[in-house]
Amino acid sequence: MKIKIDDELELKQVQSHEHQEMYELVDQNRTQLREWLPWVDYMSAPAQYIPIIKDWVEMNDAHEALTLGVYYKGELAGMCGFNRIVGLSRRAEIGYWLAEQYTGTGIMTKAVKGLIDYGFNELGLHRIEIIAGTENKKSRKIPERLKFTEEAVMKDYEFLYDHYHDCVLYRLLKTDWLT
């Protein structure tokens, strides 16, 4: 599975043999990622990624999710995909993270845009959602740039290590994207 965005950027399925690379990318960005991702502290060894990558492949094959690596100039730079696909409702939720050295470059906005195009045009989705922490300004800029509508603020939506935080639900309908 591969989504080519441009000559330097593509989304593709991470393979089990990349578990060391995945661990190192997360480990080098642990402080930044930990601020908004609840799983970072639990990933403390490269081998822990082997079964997770296997799960990603199985969920992708079952069309329950589409978890893809962000590859910039051939290097793994982060993750972007549909965390959950609800086939009967033709709805999916996008999740993403990027290594700090790549933030502010437009890479993730382009990756999410490519994923949206794929979701609407190839998967036949009707609605795409993004959920981001209300205080996660960097993450919230992406749906705001890409014509998403802020639909709701969800109180105490996610637990991050020692506290709950509020999240914003953004939505994009296929009819809004194509007009």
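In case you missed it, the structure is sitting above this.
Description of the structure in this document. (Residues numbered from 1 in each chain as written. Predicted model: local features only at pLDDT ≥ 70, side-chain atom pairs only at ≥ 80, totals over all residues. Heavy atoms only, no water.)

**Regarding the pairing of strand S8 (residues 163–173)**
Bridge count for strand S6 (residues 127–133) against S8 is 7 bridges, and the pairing is antiparallel. Of the residues in S8, the one forming a bridge with Ile131 is Leu169. As judged from the 8 bridges shared by strand S7 (residues 149–160) and S8, these two strands associate in the antiparallel manner. What sits directly across from Met154, in S8, is Cys167. The antiparallel hairpin formed by S7 and S8 contains 2 residues in its connecting segment, where Tyr161 sits at a positive phi of about 65 degrees. (Pairing = 2+ DSSP bridges. Helix = DSSP H or I, 4+ residues; strand = E, 2+ residues; numbered from the N terminus.)

**Things to note about the pattern of salt bridges**
Evaluated as defined, the whole model comprises 18 salt bridges. With a shortest N-O distance of 3.7 Å, Lys113 and Asp117 are connected by a salt bridge. Highlighted residues: Lys113 and Asp117, both in helix H4 (residues 107–121), separated by 4 residues, approximately one helical turn. Assessed through its relative accessible area of 39%, Lys113 is described here as partly exposed. Residue class for Asp117 comes out partly exposed when judged on its relative accessible area of 26%. A salt bridge links Glu151 to Arg127; the shortest N-O distance between them is 2.6 Å. You can see Glu151 sitting in strand S7 and its partner Arg127 sitting in strand S6, a full 24 residues away along the chain. Exposure remark for Glu151: the relative accessible area of 36% places this residue in the partly exposed category. (Salt bridge = Lys/Arg side-chain N within 4 Å of Asp/Glu carboxyl O. Buried < 20%, exposed > 50% of the residue type's maximum accessible area, 1.4 Å probe, protein only.)

**Structural notes on the pairing of strand S4 (residues 75–86)**
In the sheet, strand S3 (residues 66–72) pairs with S4 via 7 bridges, with the strands oriented antiparallel. Each bridged residue has a counterpart across the sheet, and for Gly69 the counterpart in S4 is Met79. Counted between consecutive antiparallel strands, the loop separating S3 from S4 contains 2 residues, among which Lys73 sits at a positive phi close to 50 degrees. Here S4 pairs with strand S5 (residues 91–98) via 8 bridges, running antiparallel. The residue bridging Phe82 from the neighbouring strand is Ile94, located in S5. Count of turn residues in the S4/S5 antiparallel hairpin: 4 residues, of which Arg90 carries a positive phi of about 50 degrees.

Fair warning: the whole summary comes from geometry, so function is off the table for now.
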